[in-house]
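# Structural features, examined
Each chain, written out:
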Amino acid sequence: MSNGRQIKLGVSMIGLGYHPAAWRHPDTPSGGNMELRHFVNMAQIAERGLFDMVFLADGVGIRAYDEPPGALSHLANNVQFEPLTLLSALAMVTSHVGLVATASTTYNEPYHVARKFASLDHISSGRAGWNVVTSRTDMEAQNFGLPESPGYDDRYDRAIEFVDVVRGLWDSWEDDAFIRDQKSGRNYDGAKLHILYHKGKHFSVRGPLNVSRAPQGHPVIVQAGASDQGRELAAATADVIYAASQTLDEARTYYASVKGRMAKYGRGTDELKIMPGLMAVVGATAQEARDKYEQMQALVEPVVGLAQLAGSMGDLTGYPLDGPVPRLPEWRLRSRGQLMYDLAQREGLTIRQLYLAIAAGNGHRQVIGTAAQVVDLMQEWFENDAADGFNVLPLHSPGGLEDFVNMVVPEMQRRGLYRTSYEGDTLRNNLGIPRPEHPQSGKQAVAAC
Ligand SMILES: Cc1cc2nc3c(=O)[nH]c(=O)nc-3n(C[C@H](O)[C@H](O)[C@H](O)COP(=O)(O)O)c2cc1C
């Protein structure tokens, strides 16, 4: 049972929705992914729905090959705002919703990240969150002077130290370091400034940070890593996980695996909120929801559908779309290629049916139905140790988010599963996770700058 716990909600605002044809939907502003007013509208709808946070996934480059040739020119998500810049603007037109931006540990320096997120936390009065990613693709590497992405272990090794340095920099100043005594002329108390002097395998950072301690102490740390090292890093450092699970069992296993690792880091399991992505297509009736979904699916052109498969299965151009899915000798992503091939075999899907089946969810759970049906699923996951909340993935934006706020949120509230007003002003308050105390707070320290 929920025991007074309530479901947490975020919304992924990337592009114009999660469906590859979202930008072609008649109600979608087709150029909205590069228009501030579209994101203002999205953030304000989320805040009307009392969402904990809006979330901006990101890459430092276009992360897909143009395969089949010409496919990219049919997709809208090739261009997007830099997330911190966008969220700083959104901070001005919202007052409660959390603002989470993705930043890479492979293509940044810790000082940059610490400073930017601490600044966003001040600008938004305590609503900033950092989605920590290690950036997987070669396309991103090639924007930073590297021929290909560093190996998985190297990226995670750097990420662990990176997060540690960022957190250290966020503790450069104690909360009450700035006295700003205009009479005496003393601006800060030198004993409350702590220089980091970090020297590690990847970074040498003196500090201190030239931003005072953030309103949340530390901005919220979000992560989205499913592998063993990703889970370990999350158990040690994350406040929120954006996960991807298809079934209740899969989600329960993941939830238990991550939460089970927290005790060894001295953390209580409530200190981390696990929020799987959820693509909910909701209608006044189940048929209306299905029609909305089919309307979107009908806008998937073959070149876009084949592009969905190409990333893991290779280019299937030339094979009949309404024929069986071939097994190409070289799959780009072996495990995902195998998964999709198995799905096609199991369900007897043609190439067209396979790409339509995977087009919308991108590995996330989909639910198509009435508000009651959507909330049934959320409640089942929430009450069975599979989720603390969900990251809502609108089929298209803003319509998919509006439907969720107008129909699903009231049903959640009716069942007592969701807030009826914000609990607090900061993202940490609303998520119900503690504000990190300054490690030296109240202790004597000597520092000089
Ligand atoms: C739900 C989800 C969202 C993600 N969002 C991003 C993102 O916005 N940018 C990015 O570079 N990587 C993103 N990733 C990739 C992860 O950060 C991670 O690099 C990747 O999953 C490989 O690590 P893993 O093997 O631990 O899962 C995401 C992964 C998942 C599962």
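What counts, and at which threshold
- Residues numbered from 1 in each chain as written.
- Predicted model: local features only at pLDDT ≥ 70, side-chain atom pairs only at ≥ 80, totals over all residues.
- Heavy atoms only, no water.
- Axes fitted to C-alpha atoms, helices over the stretch in contact; angles between N-to-C directions.
- Helix = DSSP H or I, 4+ residues; strand = E, 2+ residues; numbered from the N terminus.
- Parallel < 35°, antiparallel > 145°, perpendicular 65-115°, else oblique.
- Left-handed = near helix turned anticlockwise from the far one by under 90°.
- Contact = heavy atoms within 4.5 Å.
- Nonpolar A, V, L, I, M, F, W, Y, C, P; charged D, E, K, R; others polar.
- Core = buried A, V, L, I, M, F, W, Y, C linked by side-chain atoms within 4.5 Å.
- Buried < 20%, exposed > 50% of the residue type's maximum accessible area, 1.4 Å probe, protein only.
- Expected span 1.5 Å × (residues − 1).
- Near = heavy atom within 4 Å.
- Polar contact = N/O pair within 3.5 Å; in protein donor to acceptor, adjacent residues only side chain to side chain.
- Domains from an automatic or database assignment.
- Buried area = accessible area lost by both parts, 1.4 Å probe.
- Salt bridge = Lys/Arg side-chain N within 4 Å of Asp/Glu carboxyl O.

It is at 9 Å that the axes of helix α12 (residues 371–383) and helix α13 (residues 399–414) come closest, and there the two elements cross at 55 degrees. The orientation of α12 with respect to α13, classified from their angle, is oblique. Along this stretch, α12 crosses α13, giving a crossing that reads as right-handed. Within the contact between the two elements, α12 uses Ala371, Ala372, Val374, Val375 and Met378 and α13 uses Phe404, Met407, Val408, Glu411 and Met412. Grouping the amino acids of the contact of α12 with α13 by side-chain chemistry returns nine nonpolar, no polar and one charged.

All right, on to the nonpolar core then. Residues Leu9, Phe51, Trp130, Met378 and Phe404 are the most contacted members of the largest nonpolar core, which totals 68 residues. Apart from the residues lying within four places of it in its own chain, the contact partners of leucine 9 are Phe51, Asp52, Met53, Met275, Met378, Phe390, Val392, Phe404, Val409, Met412 and Tyr418. Grouped together as the second largest cluster of nonpolar side chains are 39 residues, Val100, Val300, Leu316 and Leu431 included.

This paragraph deals with helix α3 (residues 110–123). Given 3.6 residues per helical turn, the α-helix brings residues three or four places apart onto the same face. Between its terminal C-alpha atoms α3 stretches 20 Å, which fits the 20 Å expected from 14 residues at 1.5 Å a residue. With its phi angle positive at about 55 degrees, serine 125 sits one or two positions after the end of α3.

This next bit is on the site of the ligand. Close to the ligand lie 16 residues; Asp58, Tyr156, Ala224, Ala226 and Ser227 are nearest. One of the side-chain nitrogen or oxygen atoms of tyrosine 152 is found 3.4 Å away from an oxygen atom of the ligand. In the model, an oxygen atom of the ligand is placed 3.3 Å from a nitrogen or oxygen of the alanine 224 main chain. For the shell around the ligand, the per-class residue count stands at seven nonpolar, seven polar and two charged.

The next point concerns the domain arrangement of the chain. Each assigned domain of the chain is listed with its residue range as follows: domain 1 (8–286 + 363–431) and domain 2 (292–359). A straight line from the C-alpha centre of domain 1 to that of domain 2 covers 29 Å. Taken together, the 25 residues of domain 1 in the interface contact 19 residues of domain 2. Here domain 1 meets domain 2 over a buried area of about 1900 Å², counting both sides, of which 63% is carbon and sulfur. Ranking the residues of domain 1 by area buried against domain 2 places Arg24, Glu67 and Pro68 at the top, with a combined share of 28%. Inspection of the domain 1/domain 2 interface yields two salt bridges. Here glutamate 301 ties to arginine 24 by a salt bridge, and the two come within 3.7 Å at their closest N and O atoms. Residue assignment for the side of domain 1 that touches domain 2 shows that the elements contributing at least two residues are β11 (273–282), β12 (365–369) and α13.

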